[in-house]
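Letter by letter, the chains look like this.
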Amino acid sequence: MGDAIESVQREVRVFRPPASFSARARVKSLDDYCKLFRDAADNPESFWGDVAKEFHWFTPWSKVREWNPPNARWFIGGKTNISHNCLDRHVAGGRRNKAAIITELESGEVQTLTYDQLLREVCRLAHVLKSRGINAGDRVGIYMPNCAEAAIAMLACARIGAPHTVIFGGFSAQAIADRLNDCKAKAVITADGLRRRGRTVDLKNNVDQALTNVPSVEAVIVHRNTGDNTPMKAGRDLWWHEAVEGKPRFIETEAFDAEHPLFLLYTSGTTGKPKGILHTTGGYMVWAAYTARSVFDLREDDVYFCTADVGWITGHSYVVYGILANGATSLIYEGAPTWPDAGRLWSIVERHGVNIFYTAPTAIRTFMRLGDEWVKRHDRSSLRLLGSVGEPINPEAWMWYHRVVGDERCPIVDTWWQTETGGIMISPLPGGTPTKPGSATLPLPGVAADVVDEHNRPVPPGKGGRLVIREPWPGMLRGIYGDPERFKNTYFPSGGIYVTGDAAHRDADGYIWVLGRMDDVVNVSGHRLGTAEIESALVSHPSVAEAAVVARPDALTGQALVAFVTPRGNATAGEELRRELGKHVTREIGKLAVPADIRFTNALPKTRSGKIMRRLLRDIACGNASVGDTTTLEDYSVLQKLRESEE
Ligand code: WT7
């Protein structure tokens, strides 16, 4: 069985939710969870219909779901507006003066927007977009620092039905251009710059460079964040603060079909070209809100802090939409987590009285390495719940998070999900689910998760397999922008079963342990990158003939990238080219894609059909003494040469 995955997991510790936590929680026991799970499985239409009823619908739906694989529709015929549900509903319902978003800039400046103020800023920006000819259906790129204005931009787009595509502020001009061209964006909302470790990153300059190759963009709206000078192109660029001047503080909400596109978010695939993952209005809203409330056990007076950037799906669902849909308070931090010192995040927790803290394993490992002192010198008594997302969390990091950050008092929710799933799929419900370090535990109500072999048959406990979802759920992606074929082939290759692309195993208690990606996509510091995209960036350098990128485990970033590069005949391999390639990848994709090691070789192992055998490269990158099956290898001498490429 070439496909079988062996599990090496030996973790046996179990942590029950503290009684005091369960007593006040929405879900108070494993039995409570099991009942919800059964209700949702037995009668999904009435279960999700009931959840959706609490939102404002301008026109009610006639049917809860329709499933013609791979196409799902939810809340059919219903008309709503997610911005109305995140803002107006709370302003009218008693939360008018409650803090919606607290932003702490890297400089230390703190800005708080109440629900009423946030609604006003969203409406004013929506007027600006309208006045620039942006209407329902037009795509808008958002390339911003991690601050309240990014959320305002998203909500303003949503309000007028213009699907947004947020591009992470660490991406290069080329990556911006690729994404804007793919969706033919009509406008871009950006800022002069962002702050990172005391320095500024000139976002507007990256946009200007990108736009020389993007004919569809007609307008650029620029938020003044750093105050640095930036050239403005007449007729195209406007300052946000000038453009909103005199604009009315309210704009009527338009009602959009539940399946109206809400946003596209680009994520890497195996073939290199980023995929524009499409989420629509009604199902996404219900999923983001329901999962946020259940998993974080949100309470009215909580201060909730998620460290993710709005440029990733975590920022969409659990900094902006899911949190505001619940009328909660979302804290956003602009800057680097270790600036000006390694205590920054814990200082934020202390100063703002944060109750719920959600971050990624890579950050947890970084703090673990920096030493407990940085955490302990800050008062964390306000914390009651901790969360993790982005990659498997190793038990050692889990225990450190539990012991040092949570003072052994706070449950940990290890949340498994994907850009494609729109929201959390597998996670403890903190008042009910006993946790095991390293396991995301059990699927949420409505999630028909299974671990199967290559014929979609469930594998027995303890055996590894492919993680799949057998039934549609409200927050699922509705497509890949402009590529229905790829959507079907990638996620629904055999009918109605959603293929996550992850490997996992289930233990005797039914707990799910995610092992990582099945394919060549690598996950560095919680960011999923397609190796092919990085390879194509390397190969676009004039000194490079061929490149293959694989991952090796890394204690800090989860996985680290190793690039095997064949230089062109006239190029000299060496330190200088290595540095040069690092800079080149930074320009093409962004710093996060720069390989930790670049090894020069004069040939790559290939199959007879010419495919690079990344599996062998992975073995070499990991320093394994023997490599796996080499029977399909075209030229055996290549392996020896590759070993010689090791430093
Ligand atoms: C991939 C999705 C979900 C938002 C951030 C990443 C990995 C994510 C976990 C977890 C083990 C995890 C999976 C998944 N992943 N969370 N709790 N345990 N693995 O979103 O970029 O779409 O990546 O991240 O491999 O498929 P994404």
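Structure: above.
Please read these numbers as outputs of a predicted model, since none were measured by experiment.

S.K.: Would you mind going over the overall build of the chain with me for this structure?
M.R.: A count of helical and extended segments in the chain gives 20 helices and 31 strands. Relative to its length of 647 residues, the chain is compact, with a C-alpha radius of gyration of 24 Å against a globular reference of 26 Å. If you line up the chain on its principal axes, its C-alpha atoms span 70 × 65 × 55 Å. Taken over 647 residues, the chain has a buried fraction of 62%. If you take every contact in the chain between residues at least 6 apart in sequence, the share linking residues at least 24 apart comes to 70%. Only carbon and sulfur atoms are counted for the fraction: they give 50% of the accessible area of the chain, which is about 24300 Å².

S.K.: Explanation requested: the packing of helix α4 (residues 82-92) against helix α11 (residues 313-325) in the structure shown.
M.R.: Geometrically, a packed helix pair is captured by the angle between its two axes and the distance between the axes. Viewed as axis vectors pointing N to C, α4 and α11 meet at an angle of 55°, and their least axial separation amounts to 8 Å. Between α4 and α11, the crossing angle belongs to the class labelled oblique. In this structure, α4 meets α11 at a crossing whose hand is left-handed. In this structure, α4 contributes I82, N85, C86, R89 and H90 to the contact, and α11 contributes Y321, L324 and A325.

S.K.: Help me understand the site of the ligand, please; the structure alone is not making it clear to me.
M.R.: Close contacts around the ligand come from 17 residues, with D414, T415, Q418, T419 and D502 the closest. Separating a nitrogen atom of the ligand from a backbone N or O atom of E391 is a distance of 3.4 Å. A distance of 3.3 Å separates a nitrogen atom of the ligand from a polar atom in the backbone of P392. Burial of the ligand by the protein chains amounts to 95% of its free accessible area of 560 Å².

S.K.: When you look at the packing of aromatic side chains in this model, what are you seeing that I'm missing?
M.R.: Two measures describe an aromatic ring pair: the distance that separates the ring centres and the angle between the ring planes. Under the definition given, this model contains 30 aromatic pairs. Where F168 meets F171, the ring centres are 5.9 Å apart and the plane angle is 85°; that geometry is what we call edge-to-face. Classification of F171 as buried rests on a relative accessible area of 9%. Following the ring pairs from residue to residue traces out a cluster consisting of W67, W473, F487, Y491, F492 and Y498. Sitting over the face of the ring of W239, R224 holds its NZ or CZ atom 4.6 Å from the ring centroid. Over the ring of W374 we find R377, and its NZ or CZ is 4.3 Å from the ring centre.

S.K.: Got a minute to help me understand the state of the cysteines in this structure?
M.R.: A disulfide bridge is the covalent bond that connects two cysteines by way of their sulfur atoms. Taken as a whole, this structure holds zero disulfides when the rule is applied. Take C123: it sits in no disulfide, and the sulfur closest to it among the cysteines is that of C86, at 13 Å. C123 gets classed as buried once you look at its relative accessible area, which sits at 0%.

S.K.: Got a minute to help me understand the nonpolar core in this structure?
M.R.: In summary, soluble globular proteins display a tendency toward joint burial of nonpolar side chains. Core analysis: the largest hydrophobic core is formed by 168 residues, its most contacted members being W48, F75, L118, I189, F296 and Y321. With 11 residues, helix α6 (residues 148-160) is the single largest residue contributor to this core. Not counting the four nearest positions on each side in its chain, I189 is found in contact with L125, L129, V140, G141, I142, Y143, M144, A153, C157, I221 and W240. In this structure, A99, V303, F357 and Y401 belong to the second largest nonpolar core, which totals 28 residues.

S.K.: Even after reading the chapter, I still don't get helix α8 (residues 203-211), so can you show me in this structure?
M.R.: Residue pairs three or four apart in sequence face the same way in an α-helix, which turns once every 3.6 residues. Of all nine residues in α8, seven are buried; the element is thus mostly enclosed. For α8, every residue scored as buried is listed here: L203, K204, N206, V207, D208, A210 and L211. The backbone nitrogen of K204 lies 3.4 Å from a side-chain oxygen of the residue at the head of α8, namely D202.

S.K.: How should I be thinking about the sheet that holds strand β1 (residues 57-59) in this particular structure?
M.R.: Whether parallel or antiparallel, the strands of a sheet pair through hydrogen bonds between backbone atoms. As summarised here, the arrangement of the three strands in space is β1-β4-β14, forming an open sheet in which the pairing is antiparallel. Among the strands making up the open sheet, the edge pair consists of β1 and β14 (256-257). Pairing between β1 and strand β4 (residues 79-80): two bridges, direction antiparallel. From the neighbouring strand, T59 faces β4, where its bridge partner is K79.

About the cut-offs
Residues numbered from 1 in each chain as written. Predicted model: local features only at pLDDT ≥ 70, side-chain atom pairs only at ≥ 80, totals over all residues. Heavy atoms only, no water. Helix = DSSP H or I, 4+ residues; strand = E, 2+ residues; numbered from the N terminus. Rg over C-alpha atoms; globule rule 2.2 N^0.38 Å. Buried < 20%, exposed > 50% of the residue type's maximum accessible area, 1.4 Å probe, protein only. Contact = heavy atoms within 4.5 Å. Areas by Shrake-Rupley, 256 points an atom, 1.4 Å probe, with all protein chains shown as cover. Axes fitted to C-alpha atoms, helices over the stretch in contact; angles between N-to-C directions. Parallel < 35°, antiparallel > 145°, perpendicular 65-115°, else oblique. Left-handed = near helix turned anticlockwise from the far one by under 90°. Near = heavy atom within 4 Å. Polar contact = N/O pair within 3.5 Å; in protein donor to acceptor, adjacent residues only side chain to side chain. Phe/Tyr/Trp six-rings, centres within 6.5 Å; stacked < 30°, edge-to-face > 60°. Lys NZ or Arg CZ within 6 Å of the ring centre and 35° of its normal. Disulfide = S-S within 2.5 Å. Core = buried A, V, L, I, M, F, W, Y, C linked by side-chain atoms within 4.5 Å. Pairing = 2+ DSSP bridges.

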